[in-house]
Amino acid sequence: CLLCGDPGADGRDLCQPCADGLPYLHHACPVCGLPLSTNSLPACGACQKKRPAFDRLLAILHYEEPARHLIHSLKFGARYANARLLGTLLAERVATAPDRPEIIMPVPLHPTRYRERGFNQALEIARVVSRQTGIPLDCTACRRVRPTKTQTSLHTNEHRKNIHHTFSVKQPLTYQRIAILDDVVTTTATVSEMANVLRRAGAQHIQVWACARA
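How each quantity is defined
Residues numbered from 1 in each chain as written. Predicted model: local features only at pLDDT ≥ 70, side-chain atom pairs only at ≥ 80, totals over all residues. Heavy atoms only, no water. Phe/Tyr/Trp six-rings, centres within 6.5 Å; stacked < 30°, edge-to-face > 60°. Lys NZ or Arg CZ within 6 Å of the ring centre and 35° of its normal. Buried < 20%, exposed > 50% of the residue type's maximum accessible area, 1.4 Å probe, protein only. Helix = DSSP H or I, 4+ residues; strand = E, 2+ residues; numbered from the N terminus. Pairing = 2+ DSSP bridges. Polar contact = N/O pair within 3.5 Å; in protein donor to acceptor, adjacent residues only side chain to side chain. Contact = heavy atoms within 4.5 Å. Axes fitted to C-alpha atoms, helices over the stretch in contact; angles between N-to-C directions. Parallel < 35°, antiparallel > 145°, perpendicular 65-115°, else oblique. Left-handed = near helix turned anticlockwise from the far one by under 90°. Nonpolar A, V, L, I, M, F, W, Y, C, P; charged D, E, K, R; others polar. Salt bridge = Lys/Arg side-chain N within 4 Å of Asp/Glu carboxyl O.

**Quick look at the packing of aromatic side chains**
In step 1: Evaluation of the coordinates by the stated rule reveals 1 aromatic pair.
In step 2: The positively charged end of Arg 68 is found above the aromatic ring belonging to Tyr 63, 4.9 Å away from the centroid.

Written as structure tokens, this is what we have:
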């Protein structure tokens with residue numbers, strides 16, 4: 001188990017008590033994935049006023065401990081085993097989701113950030129999801145063409161300005177149903193900007209898959 005060191009269960013790097021203790025996201029906006037107290041609403045207030053660029057967002061965990069630990073130790077500590085676990089948990093969840101996409105696109109890193117980190121955590125998770133679901137992976141069609149500040153260091157109203165004109169897509173796309181994959185979604189600014197670019201390139205249905213949602 002990656003959290004406590006005890007033997008894993010069900011073929012995963014996670015024991016059953018730690019699996020039971022994960023902060024699963026049971027109630028969320030069906031459009032943007034925002035955590036809610038109930039699933040009775042058709043959408044959160046923000047989505048009722050203005051729909052996002054993507055069709056829906058599916059996340060499996062609240063962005064809190066110990067999910068935050070799993071993501072941070074992958075992202076900043078290169079603990080690749082965490083990508084295997086997070087990818088497995090996400091693959092199990094999306095396997096039964098409707099509207100199966102043609103392709104999975106991980107959110108790309110700018111080359112400068114990639115050189116600093118040495119890997120893209122979203123891509124590492126996406127490899128696992130692709131392998132376990134059989135949905136192909138595309139990590140070349142969409143590129144990050146402008147370096148940005150880390151989103152977590154910004155106030156909410158700065159997120160969209162920071163991410164504007166960040167992505168570029170090879171046109172035309174050869175598929176129309178796409179799943180954007182990221183490790184964690186906070187304000188949806190990044191995935192919304194990427195979805196906008198994909199729509200302009202011809203995508204018709206875009207969903208977002210995330211390990212955690214703030």
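**What about the pairing of strand β2 (residues 103-106)?**
In step 1: Across the two faces of β2 the burial is the same, with Ile 103 and Met 105 and Ile 104 and Pro 106 all buried.
In step 2: In this structure, β2 lies alongside strand β5 (residues 177-185), joined through 4 bridges in parallel fashion. Looking at the pairing, Ile 103 lines up with Ile 178 of β5.

**Quick word on the side chain of Ser 73**
In step 1: For Ser 73, the position within the fold is in helix α3 (residues 67-75).
In step 2: One polar contact links the side chain of Ser 73 to the main-chain carbonyl oxygen of Leu 70, over a distance of 3.3 Å.
In step 3: In this view, Ser 73 contacts Ala 78, Arg 79 and Asn 82; residues no more than four positions away in its chain are not counted.

**Side note on the packing of α3 against helix α4 (residues 80-94)**
In step 1: One way to put it is that α3 packs onto α4 with a least axis distance of 8 Å and a crossing angle of 135 degrees. By the angle between their axes, α3 is oblique relative to α4. Remark: the crossing between α3 and α4 carries left-handed chirality. Side by side, α3 and α4 meet where His 69, Leu 70, Ile 71, Ser 73 and Leu 74 of the first sit next to Tyr 80, Asn 82, Ala 83, Leu 85 and Leu 86 of the second.
In step 2: Class assignment of the residues belonging to the contact of α3 with α4 gives a composition of 7 nonpolar, 3 polar and no charged.

**A short note on the pattern of salt bridges**
Pairing is possible between side chains that carry opposite charge, provided their charged atoms lie close to one another.
In step 1: Within this structure, the stated rule accounts for 8 salt bridges.
In step 2: Where Lys 75 meets Asp 183, a salt bridge forms, and the shortest distance between an N and an O atom there is 3.7 Å. With a gap of 108 residues between them, Lys 75 in helix α3 and Asp 183 in strand β5 connect regions that are remote in the sequence. In terms of burial, Lys 75 and Asp 183 fall into one category: buried.
In step 3: Measuring nitrogen to oxygen at the nearest pair gives 3.8 Å for the salt bridge that ties Glu 102 to Arg 177. One end of the pair, Glu 102, is in the loop between α4 and β2; the other, Arg 177, is in strand β5, with 75 residues separating them in the sequence.
In step 4: Assessed through its relative accessible area of 30%, Glu 102 is described here as partly exposed.
In step 5: Using a relative accessible area of 38% as the deciding quantity, one classes Arg 177 as partly exposed.

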